[in-house]
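# Analysis of the macromolecular model
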Amino acid sequence: MIEADLLITECRLATMTEGGAPYGAIEDGAILIRDGVIVWIGARHDLPDYTAVRTDRLEGRWVTPGLIDCHTHLVFGGDRSGEFEQRLEGVSYEDIARSGGGIVSSVRATREESEDQLFASAMKRLLGLKDTGVTTVEIKSGYGLERDSELKMLRVARRIGREGGVRVRTSYLGLHALPPEHKSDRVAYVDKAVDDILPAAHAEGLVDAVDAYCEPIAFSVDEVSRLFDKAKSLGLPVKLHADQLSDSDGAALAARYGALSADHIEYANAAGIRAMADAGTVGVLLPGAFLMLRETKTPPVELMRRHGVRMAVATDCNPGTSPVASMTATLNLACVQFRLTPEEALAGATRNAAHALGINDDVGTIEVGKRADLAVWDIQRPAELSYWLGAPLLAVVYVNGVLL
Ligand code: NIG
Ligand code: FE
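Please read all numbers here as calculations on a predicted model, not as lab measurements.

What counts, and where the lines are drawn
Residues numbered from 1 in each chain as written. Chains lettered and ligands numbered in written order. Predicted model: local features only at pLDDT ≥ 70, side-chain atom pairs only at ≥ 80, totals over all residues. Heavy atoms only, no water. Helix = DSSP H or I, 4+ residues; strand = E, 2+ residues; numbered from the N terminus. Rg over C-alpha atoms; globule rule 2.2 N^0.38 Å. Buried < 20%, exposed > 50% of the residue type's maximum accessible area, 1.4 Å probe, protein only. Contact = heavy atoms within 4.5 Å. Areas by Shrake-Rupley, 256 points an atom, 1.4 Å probe, with all protein chains shown as cover. Disulfide = S-S within 2.5 Å. Pairing = 2+ DSSP bridges. Axes fitted to C-alpha atoms, helices over the stretch in contact; angles between N-to-C directions.

### Some words on the overall build of the chain
Within the chain one finds 15 helices and 15 strands. On C-alpha atoms alone, the chain measures out to a radius of gyration of 21 Å, which is about the 22 Å that the 2.2 N^0.38 rule sets for 404 residues. In terms of overall dimensions, the chain has a C-alpha envelope of 70 × 40 × 40 Å along the principal axes. For the chain, with 404 residues in total, the buried portion stands at 58%. When contacts within the chain are restricted to residue pairs at least 6 apart in sequence, long-range pairs at least 24 apart make up 71% of them. A total of about 15400 Å² of accessible surface is found on the chain, and carbon and sulfur atoms cover 49% of it.

Pasting the structure below:
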């Protein structure tokens, strides 16, 4: 006899578990939930003896794992629509960055805003993600670039985790750009990020992972290695913005440190992809940034398939390269631009995104023992989640078995 708080029934399940039917689908499924955790899942006619305090009948709707947006810069001040206009006139992202705009202009705006202001604007953007089924979101720092402002961003991210109705994982992205006051002294900034800011953020419990931007316009392999060595010594997992604009050997660097993920990877080389496969590093695809930068070099999807590299898909929601706040639109872009199948795209926003955050024991599939984070959709087939571009498809979500 299973004693449950909640029975969810009369639904179709895309469990997203590996190895079985496409999407791990169960027609006419049922889920029993106790204390926010899935305690039984299967076909309705196989339901064991149970008691449930409540029953939710979903009238044949599809249920997927709650979507996981595993790469965002959701917290930032201001916006960069002016640079968007410049880029439409032909100025490149790198040129804007080199002339003191780009990430650094968001740094100026972010430093000026209070925690309450940053929280309010991030919560608005979060609405777009939640309306597209997101129940877990990763949020990076990286627009503070000095101690107080980096801590401020990470505190805002933690507050979103407490008050925003989503699970939040934070990443410290201190090596995102060189702050203007360190323009003539990179070494001192890297020292500060490694020896001062990261330990302070970690001591306050603000860091779930450490990220960096490895690129000629950002930080070198050696600089990133210093940060990653520190992360390792603090017991923190790492991830990397790798090979987005050029082949910078980022994929291999990420793999060398056993990174959870290497993200962007449009220009990653074959040896780097093989190294990622060996290290179990997830390839995080960010088709919103690809679109907004009018990039033409697609990430090596076929190579990742061949080597069995897990592929995740995320919005990269940020003010510069990806002002994207829709997870389902992102699935569409991943299919259209990178030729993922709709099933691969959905796996990239569920199971594989959980791996990219190191939380695959808790979320990412509908399985016994995992948290009951579920998205319920008004669709006829799971492929619709990738097919529509901007259509409202979500009915409701559950986080920890609680209907939101
Ligand atoms: O993921 N690549 C670096 N970081 C962001 C861009 C941030 C920005 O331009 O503000 C990205 O694309
Ligand atoms: Fe990013």
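### A look at the state of the cysteines
On inspection of all chains with the given rule, the structure shows zero disulfides. Between Cys70, a free cysteine, and Cys317, which holds the nearest cysteine sulfur, the sulfur-to-sulfur gap is 13 Å. Cys70 gets classed as buried once you look at its relative accessible area, which sits at 0%. There is no disulfide at Cys214, and the cysteine sulfur nearest it, in Cys70, is 19 Å away.

### Here's the deal with the sheet that holds strand β8 (residues 209-214)
The strands making up a sheet associate through backbone hydrogen bonding, with each pair oriented either parallel or antiparallel. In spatial order, the strands read β5-β6-β7-β8-β9-β10-β11-β12; together these eight strands make up an open sheet with parallel pairing. Strands with a single pairing partner mark the edges of an open sheet, and in this sheet they are β5 (67-69) and β12 (311-313). Pairwise comparison of adjacent strand axes, ignoring direction, gives a mean angle of 25° for this sheet. Strand direction decides the pairing type here: strand β6 (residues 134-140) and strand β7 (residues 167-175), joined by five bridges, are parallel. Paired with Val137 across the bridge in β7 is Val168. Of the strands in this sheet, β6 and β7 touch helix α5 (residues 147-163), which is tilted by about 170° from β7.

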